[in-house]
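If you want the building blocks of each chain, they are given just below.
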Amino acid sequence: MNEIVRGADRVLVQARGPGVPEGIHGVACMTCEATSPLFDDDPLPTAVWAIQHSQDHPEHTFFLARTERHWRVLPRTDPPAPPPARGSGGFGGPAFVGLMCLLTALAGLLPGLG
Ligand SMILES: [Zn+2]
């Protein structure tokens, strides 16, 4: 499962399966209104289309290539992680601050060892 974003109780995945292409590719000329056909799964035909369009219209050299994908939102199957307790854990919490104090104290002691 290609997970994109995990919410509290739902997860956003890239949709897969029969009839769902990996990507739908298209390209549009930025100089005129021309657009390529849409191609499933393979961006190469859009690149070929852009080159051919530029051959037909030498001034048309700037294109917008698009890839569209299907997303699906599913309920999470794993239990959601418990929210972090207030004031404990996490980067920058008391444990981290304590460690930094310890390191600072050690650094202060080191010159005295010599
Ligand atoms: Zn054009």
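Residues numbered from 1 in each chain as written. Predicted model: local features only at pLDDT ≥ 70, side-chain atom pairs only at ≥ 80, totals over all residues. Heavy atoms only, no water.

- Per an unreviewed UniProt entry, the chain is named DUF7848 domain-containing protein, and its organism is Streptomyces sedi.

## A short note on the sheet that holds strand 3 (residues 24-29)
Piece 1. A sheet is described by the order of its strands in space; here 3 strands give the open sequence 4-3-5, paired in antiparallel fashion. Lying at the two open borders of the sheet, with one neighbouring strand each, are strand 4 (39-40) and strand 5 (63-68).
Piece 2. Pairing between strand 3 and strand 4: 2 bridges, direction antiparallel. For histidine 25, the partnering residue across the bridge sits in strand 4 and is phenylalanine 39.
Piece 3. On top of the sheet, helix 1 (residues 44-56) reaches strand 3, strand 4 and strand 5; it is set at about 15° to strand 3, its chief contact. (Pairing = 2+ DSSP bridges. Helix = DSSP H or I, 4+ residues; strand = E, 2+ residues; numbered from the N terminus. Contact = heavy atoms within 4.5 Å. Axes fitted to C-alpha atoms, helices over the stretch in contact; angles between N-to-C directions.)

## Some details on the coordination of the zinc ion
Reference values for angles at a metal are 109.5 degrees in the four-donor tetrahedral case and 90 or 180 degrees in the six-donor octahedral case.
Piece 1. Distances from the zinc ion to its protein donors, Cys29 (SG), Cys32 (SG), His53 (NE2) and His60 (ND1), fall within 2.0 to 2.3 Å.
Piece 2. For the zinc ion, all donor residues lie on one chain, and their spacing in sequence is C-x2-C-x20-H-x6-H. You can see cysteine 32 sitting in the loop between strand 3 and strand 4 and its partner histidine 53 sitting in helix 1, a full 21 residues away along the chain.
Piece 3. Accessibility expressed as a relative area gives 8% for histidine 53, which makes it buried. (Donors = N, O, S within 2.8 Å, 3.2 Å for Na, K, Ca; no water. Buried < 20%, exposed > 50% of the residue type's maximum accessible area, 1.4 Å probe, protein only.)

## Some points on the pattern of salt bridges
Two side chains of opposite charge can pair, provided their charged atoms sit close to one another.
Piece 1. Per the stated rule, a full pass over the model turns up 2 salt bridges.
Piece 2. Here arginine 6 ties to glutamate 3 by a salt bridge, and the two come within 2.8 Å at their closest N and O atoms.
Piece 3. In this structure, arginine 16 engages glutamate 22 in a salt bridge whose closest nitrogen and oxygen atoms are separated by 3.4 Å. (Salt bridge = Lys/Arg side-chain N within 4 Å of Asp/Glu carboxyl O.)

## Section: the side chain of glutamine 14
Piece 1. Along the chain, glutamine 14 falls in strand 2 (residues 10-14).
Piece 2. Among the polar contacts made by the side chain of glutamine 14, one reaches the main-chain carbonyl oxygen of glutamate 22 at a distance of 3.0 Å.
Piece 3. Not counting residues up to four positions away in its chain, the partners in contact with glutamine 14 are Asn2, Ile4, Glu22, Arg69, His70 and Trp71. (Polar contact = N/O pair within 3.5 Å; in protein donor to acceptor, adjacent residues only side chain to side chain.)

## Here's the deal with the sheet that holds strand 6 (residues 71-75)
Piece 1. Strand order across the open sheet formed by 3 strands is 1-2-6, with antiparallel pairing between neighbours. The sheet is open, and its two borders are formed by strand 1 (3-6) and strand 6, each paired with just one other strand. Shown here is a sheet whose adjacent strand axes are inclined to one another by a mean of 25°, direction ignored.
Piece 2. Bridging between strand 2 and strand 6 involves 5 bridges; their strand directions are antiparallel. By the bridge assignment, arginine 10 is partnered in strand 6 with proline 75.

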